[in-house]
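# Architecture and fold: a report
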Amino acid sequence: MKNRDGNRIVLAILIVVFAIYNSIIYTKNTSASSAPLLSKKGIEGEKIWQKNNCTACHQFYGLGGYLGPDLTNLISNPIKGEEYAKAIFNSGIKSMPKFNFTTQEKNNLISFLKEVDRTGFYPNKNVKFKSNGWVSIKYK
Amino acid sequence: MEANKRFSILFITLGIMALATTVLIGVLASFVYLYPDFLKDYIPFNRLRPLHTTSAISWIILTAIGGIYYYIHSLENTYISFPKLEKAHFFIFLITGISIYFSLFFGKMGGREYLEYYPLLTIPILIGWIFFGINYFTTMLINVKKWPVYFWMWGTGILFMIYHLSEAHFWLFSSIRNDFIKDISIQWKSYGSFVGSWNLLVYGTAIYLMAKIKKDDSIGRGKEYFFFYFLGLTNLMFGWAHHTYIIPTQPWIRYVAYVVSMTEWIIFIHIVYNWKKSLKKDKMIINQMAYKFLIASDFWVFFNLMLALLMSIPSLNYFMHGTHITVAHSMGTTIGINTSILLASVSFVVSDLLKNNKLNHNKILRIGYYAFNTSLFLFLTVLIESGIFKARWILNNPNSNFGIYQEDSSFIYIFFVIAGIVLFISLITVIIPILKHLLKSLFSR
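What you are looking at is a predicted structure, and each value in this text was computed from that prediction instead of being measured. (Residues numbered from 1 in each chain as written. Chains lettered and ligands numbered in written order. Predicted model: local features only at pLDDT ≥ 70, side-chain atom pairs only at ≥ 80, totals over all residues.)

## Remarks on the overall build of chain A
To keep things clear, this is the line we draw: The numbering of helices and of strands both runs from the N terminus, where a helix is a DSSP run of H or I of at least 4 residues and a strand a run of E of at least 2. Counts of 20 or more other C-beta atoms within 10 Å of a residue's own C-beta define buried residues, counts of 12 or fewer define exposed ones, and intermediate counts define partly exposed ones; C-beta atoms are placed from the backbone.
The helix and strand tally for chain A stands at 4 helices and 4 strands. Reading chain A from its N terminus to its C terminus gives the helix and strand order α-α-β-β-α-α-β-β. Seen along its three principal axes, the alpha-carbon backbone of chain A occupies a region of about 70 × 35 × 30 Å. Relative to its 140 residues, chain A shows a buried fraction of 31%.

And the structure:
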């Protein structure tokens, strides 16, 4: 009987802490980046990204499929950038499907990629490794 | 077969079919790494991959649910509260599952990794889970006093599954969607906890099976089991951010995850180890396929413990993140641990249903069992090697073209495809005799 009550108390405590923790994650600023919120055009670009399931092959911050490159900093990459991205979209290169994006859709996708690019670095080359296993990352 | 168990067997049969689909599509998708144009005009990779991952998730969830229904029906003097709700649950999942395959096949995407199907289809899935929850809690609270840990695990697994599946769709709210970092953080928070929720169902099943195989009712009732359960729950709630160390979130979120993650897995190993140590080497037990699969899951827990602990250390995660090492970890967990436990569960159910030992003495299944574990080990080794190669390549070629990386790693992809084919054949060898027995029991009176 004692044990059962103890289990219920532990579960109740965990759920209360979880509820507080979640409310902070959902409502407070959890980002360490100074990038602004996505614009209307950026959201439209994200919708195209999702509609075509680009995440099956590409990643942001290393999260996504690994068949294609990570696109977090595609736009600020001095070798690639906006024009390179636009040229690739409808190219159907290698395993990439041959999309038929309109100019408007391409511009929206570019806005989305630009705004993602402003949120941070990946791979993050300016990191500091600490003896306790921690890594401090550089923010934008 | 007893009529009340029919739908639990239907859930399991669907689950087994989803496993066969998973490995088949997985092999097809792996060919794209070697031949980029493979199937591109018919079903490109952005549709192929979600078909593979959705099938894998379906296998785990359907088989875990089917097992739990079966075990509830097997309890003495216990009748499920709402049999019609169980039927409705099955048909909702069946129809929604078919709709999801159509949605993915024809490219009607929600486009969120692992939940790529059209988002509205989540509503019937949630309804199915709510039906399951109503049936589970009304049946168990009324009929069973002093719950062992596995009943707690199944109950909380159902509740958290409902919560985190909903949480995975918070991106539909503009306040979340407009903030890219918050959005991607909540997305991975929900995924980490979603996997934690199904782990509660699957690990609960493992402990239940231990108790039944050993015929020892004290298993799952000690303080140690509850300590492990609460630790797992803590990880489910707060450990998710080890997936997102590299995302620019507030450092405190990552600190919490780092501390919590370090505690993960250890207790489970401890419990399995203690159980195995105390298990009498009774020939009847050793010969059971359910026992063999549980022992295999024991090995895969050790394997994944190593990877999980290494990946949860931020300074190592920095190199492993974004490479196939993370795939090795997720496949080691889903195919190694979850699949082994669920195959143990299915073997146990089939032997119990047929009231004979035919499955335990099936030679093809025994060959498949050894082939499956060996080929999975090979497959995961190739994935880890591929991850190490990518991490080194990125460090040495920071501004190089991705196409060059793909060409440089083509030799690894050859091994990746070969290992995938061998894994496919070995799993099919396991699936066929089990499916044959399942169908036999389904059509027997």
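## Some points on the overall build of chain B
Operational definition: Only C-alpha atoms enter the radius of gyration, while the globule expectation follows 2.2 Å times N to the 0.38, with N the number of residues. For every residue pair, C-beta atoms are placed from the backbone, and the pair is scored as a contact if these atoms sit within 7 Å.
A tally of regular secondary structure across chain B gives 17 helices and 0 strands. In summary, chain B has a C-alpha radius of gyration of 21 Å against a globular reference of 22 Å for 445 residues, a match within 12%. The principal-axis extent of the C-alpha atoms belonging to chain B is close to 65 × 50 × 45 Å. When the 445 residues of chain B are sorted by exposure, 52% land in the buried category. Of the contacts formed within chain B by residues at least 6 apart in sequence, a portion of 80% connects residues at least 24 apart.

## Some words on the interface of chain B and chain A
Counted only if it meets this: The nonpolar class holds Ala, Val, Leu, Ile, Met, Phe, Trp, Tyr, Cys and Pro. Asp, Glu, Lys and Arg form the charged class, and all remaining residues, Gly among them, are polar.
If you look at the interface, chain B gives 50 residues, while chain A gives 53 residues. Secondary-structure elements contributing two or more residues to the side of chain B that touches chain A are helix H1 (6–34), helix H2 (45–74), helix H7 (180–214), helix H8 (223–238), helix H9 (251–261) and helix H13 (314–320) of chain B. For the side of chain B that touches chain A, the element with the highest residue contribution is H7(B), accounting for 8 residues. The residue inventory of the side of chain B that touches chain A, partitioned by class, reads 27 nonpolar, 13 polar and 10 charged.

## Quick look at the nonpolar core
Test applied: The nonpolar core criterion groups buried Ala, Val, Leu, Ile, Met, Phe, Trp, Tyr and Cys residues into a set whenever they are joined through C-beta atoms within 7 Å.
With 149 residues, the main nonpolar core has Phe11(B), Ala64(B), Val202(B), Ile207(B), Leu209(B) and Ala290(B) as its most contacted residues. When residues no more than four places from it in sequence are discounted, the contact partners of Leu209(B) are Ala290(B), Leu294(B), Ala344(B), Ser345(B) and Phe348(B).

## A few points about the domain arrangement of chain A
Rule in force here: The source of the domain bounds is an automatic or database domain assignment.
According to the domain assignment, chain A consists of domain 1 (1–30) and domain 2 (40–117). Each of domain 1 of chain A and domain 2 of chain A has a C-alpha centre, and these two points are 40 Å apart.

## Focus: H8(B)
Selection criterion: Multiplying 1.5 Å by the residue count of a helix minus one yields the expected span of that helix.
In a regular helix each residue adds 1.5 Å, so 16 residues correspond to 22 Å; H8(B) covers 22 Å between its end C-alpha atoms and thus fits that length. The set of residues buried in H8(B) consists of Tyr225(B), Phe226(B), Phe228(B), Tyr229(B), Gly232(B), Leu233(B), Asn235(B), Leu236(B), Met237(B) and Phe238(B).

## A look at unusual backbone geometry
All names here are of chain A. Residue Pro 123 is reached from Tyr 122 by a cis peptide bond, and omega for that bond is -5°. Inspection of the secondary structure assignment puts Pro 123 in the loop between helix H4 (103–117) and strand E3 (128–129). Not every positive phi belongs to a glycine, and Tyr 61 is a case in point at roughly 50°. Relative to the elements of secondary structure, Tyr 61 occurs in the loop between strand E1 (59–60) and strand E2 (63–64).

## Quick word on helix H12 (residues 289–311) of chain B
The first and last C-alpha atoms of H12(B) sit 32 Å apart over 23 residues, in line with the 33 Å expected at 1.5 Å per residue. Of all the positions in H12(B), only Met289(B), Ala290(B), Tyr291(B), Lys292(B), Phe293(B), Leu294(B), Ala296(B), Ser297(B), Trp300(B), Val301(B), Asn304(B) and Met311(B) are classed as buried.

## As for the packing of H7(B) against H8(B)
Residue and element names in this part refer to chain B. What counts is decided by this rule: Note on method: axes are straight lines fitted to C-alpha atoms, helices fitted across the in-contact stretch only, with angles between N-to-C directions ranging 0 to 180 degrees. Here the angle decides the label: under 35 degrees means roughly parallel, over 145 means roughly antiparallel, 65 to 115 means roughly perpendicular, and every other value means oblique. Here is the rule for handedness: rotate from the far helix to the near one, and if that takes an anticlockwise turn smaller than a right angle the crossing is left-handed, while a clockwise turn gives right-handed.
At a closest axis distance of 8 Å, the pairing of H7 and H8 adopts a crossing angle of 160°. Regarding the angle of H7 to H8, the classification is roughly antiparallel. Read as a crossing pair, H7 and H8 show a hand that is right-handed. For the pair H7 and H8, the contacting residues are Ser 193, Gly 196, Ser 197, Leu 200 and Ile 207 in the first and Tyr 225, Gly 232, Asn 235, Leu 236 and Met 237 in the second.

## What about the environment of Phe173(B)?
Mapped onto the secondary structure, Phe173(B) falls in the loop between helix H5 (149–167) and helix H6 (174–177). Sequence-wise, Phe173(B) and Asp183(B) are 10 residues apart; in three dimensions their C-alpha atoms are separated by 9.8 Å.

## Focus on the environment of Phe372(B)
Residues and elements named next belong to chain B. Following the sequence through the fold, Phe 372 ends up in helix H15 (residues 363–396). A C-alpha to C-alpha distance of 8.4 Å links Phe 372 and Val 422, two positions 50 residues apart in sequence. Contact partners of Phe 372, with chain neighbours within four places excluded, come to Ser 426, Leu 427 and Val 430.

## A word on the confidence of the model for chain B
Going by this rule: Residue-level confidence of the predictor, termed pLDDT, takes values from 0 up to 100.
Counting all residues, the mean pLDDT for chain B is 91, and 94% of those residues have values of 70 or more. Interface confidence for the predicted complex, expressed as ipTM, amounts to 0.96; the pTM equals 0.94.

## Regarding the environment of Ile48(A)
Residue and element names in this part refer to chain A. Of note, Ile 48 is situated in helix H2 (residues 40–51). Taking C-alpha positions, Ile 48 is 14 Å from Leu 38, a pair spaced 10 residues apart along the chain. If sequence neighbours within four positions are ignored, Ile 48 has contacts with Glu 105, Asn 108 and Leu 109.

## Looking at the packing of H1(B) against helix H17 (residues 410–443) of chain B
All names here are of chain B. Contact pair H1 / H17: the axes reach a minimum separation of 9 Å and the direction vectors enclose 165°. With respect to H17, the element H1 is oriented roughly antiparallel. The hand of the H1/H17 crossing is left-handed. When its residues are assigned to classes, the contact of H1 with H17 shows 26 nonpolar, 5 polar and no charged.

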